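Below are the chains, spelled out letter by letter.
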There are 2 protein chains.
Amino acid sequence: MEQSELTERELAAWRASYQMLELLRTRIEQQLLADSGLSNADYTVLALLSEAPNGRMRLFELGRAAGWEKSRLHHQLTRMSTRGLVTRERCGSRGREAVITPKGLTALKDAVPGHAREVRRLFIDRLTPEELDRFGDIAAKLLDSLRADRPTS
Amino acid sequence: MEQSELTERELAAWRASYQMLELLRTRIEQQLLADSGLSNADYTVLALLSEAPNGRMRLFELGRAAGWEKSRLHHQLTRMSTRGLVTRERCGSRGREAVITPKGLTALKDAVPGHAREVRRLFIDRLTPEELDRFGDIAAKLLDSLRADRPTS
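Rules behind the numbers
- Residues numbered from 1 in each chain as written.
- Chains lettered and ligands numbered in written order.
- Predicted model: local features only at pLDDT ≥ 70, side-chain atom pairs only at ≥ 80, totals over all residues.
- Heavy atoms only, no water.
- Phe/Tyr/Trp six-rings, centres within 6.5 Å; stacked < 30°, edge-to-face > 60°.
- Helix = DSSP H or I, 4+ residues; strand = E, 2+ residues; numbered from the N terminus.
- Least-squares fit on C-alpha atoms with pLDDT ≥ 70 in both.
- Contact = heavy atoms within 4.5 Å.
- 1 Å grid on protein atoms, 1.4 Å probe; cavity = no way out; pocket = protein on both sides within 12 Å on 5 of 7 lines; lining within 4 Å.
- Points joined across faces, edges and corners; volume = space filled by probe spheres on them.
- Nonpolar A, V, L, I, M, F, W, Y, C, P; charged D, E, K, R; others polar.

A. Region of the structure containing the packing of aromatic side chains. Under the definition given, this model contains seven aromatic pairs over all chains. Look at F123 of chain B and F135 of chain B: their rings are 6.1 Å apart centre to centre, the planes differ by 65 degrees, and that puts the pair in the edge-to-face class. With F123 of chain B in the loop between α5 (102–122) and α6 (129–149) and F135 of chain B in helix α6, this residue pair connects regions lying 12 residues apart in the sequence. Here a set of aromatic residues connected by ring pairs shows up, and it is made of W14, Y18, F123 and F135 of chain A together with W14, Y18, F123 and F135 of chain B.

B. Examining the relation of the copies chain B and chain A more closely. Mapping chain B onto chain A is achieved by rotating through 180 degrees and translating by 0.0 Å along the same axis, at an RMSD of 0.0 Å. Classification of the inter-copy transformation places it as that of a two-fold axis. No C-alpha of chain B lies nearer the rotation axis than that of F135 of chain B, which sits 3.0 Å from it. Interface overlap between copies: 100% of the residues of chain B at the interface are likewise at the interface in chain A, consistent with a symmetric, same-surface contact.

C. Representation of the environment of L85 of chain B within the structure. Residue and element names in this part refer to chain B. For L85, the location among the structural elements is in the loop between α4 (70–82) and β2 (86–90). Separated by 15 residues in the primary sequence, L85 and I100 have C-alpha atoms spaced 6.3 Å apart. Not counting residues up to four positions away in its chain, the partners in contact with L85 are L38, L46, M80, V99, I100, T101, K103, G104 and A107.

D. Structural context of the layout of surface pockets. Roughly 980 Å³ of internal volume is contained in the largest pocket. R25 and R72 of chain A together with R25, E29 and R72 of chain B are the residues nearest the centre of the largest pocket, which is lined by 33 residues in total. If you list the elements that add at least two residues to the lining of the largest pocket, you get α1 (8–36), α2 (40–51) and α4 (70–82) of chain A together with α1 (8–36), α2 (40–51) and α4 of chain B. Examining the composition of the lining of the largest pocket, we find that seven residues originate from one element, α1 of chain A, more than from any other. Tallied by class, residues from the lining of the largest pocket come to six nonpolar, 13 polar and 14 charged.

Written out as structure tokens, the structure reads:
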């Protein structure tokens, strides 16, 4: 009775992709939380801000880069502000920005080596270099295509 | 300063994969919630149970299939029980099972066509058949590898 509109092959490809990512997210987050007290979402925000000029990004850009809706971004940043990892600041007529704090930067620096090892152990080392390139290329194509849908408000 | 242990190519492949799936989850869930009031997690549980013999699965198997830890599965099933979509039942000495209710089955049936259309629109139709097969194959290989790590308690 399941998804009659998709062929068996399509459904299998979708489910493997979705379930693999769910499991990978869970496993990656277990290490992050245990070793650094950061969730996947915390890590994503800190990593994106740390690489942005002056450690700051407009909320719209940050949400877009993370793949989140406005309300999810709002709740995430509220939790992180409470913990002193980020602040939100007005920036003239351009709206609001999220800014990484020194505490946030330290938390990220402490988390990076363990997280990188876990990404290698759970994802990169389980694929051949050719598979990794192919998977990454297809993911990047899909990401570009999905981002192109969104209104550039 | 980010993930010095990973090469640029590895980091790019990882980030594209992670961010693409984050965005895809967000977009897929927007349609599901708007049209059916179900989250991605609700849909996953209902779909897995609906395909299991007699609409029931041991909690351990369900968590494994969904890629969730015990505590996440527990909270998810508690929320769904409150809404009458599933029940949890003891099953002799083998522990506990989750069971889909008639209301859960109806909710799933109502949600399937719209969800399948959205999976097609956002994922399947944006790839060539060869890309879809390749992506699905690599995801399935990773999924098998990750699942093989887990203790079979």
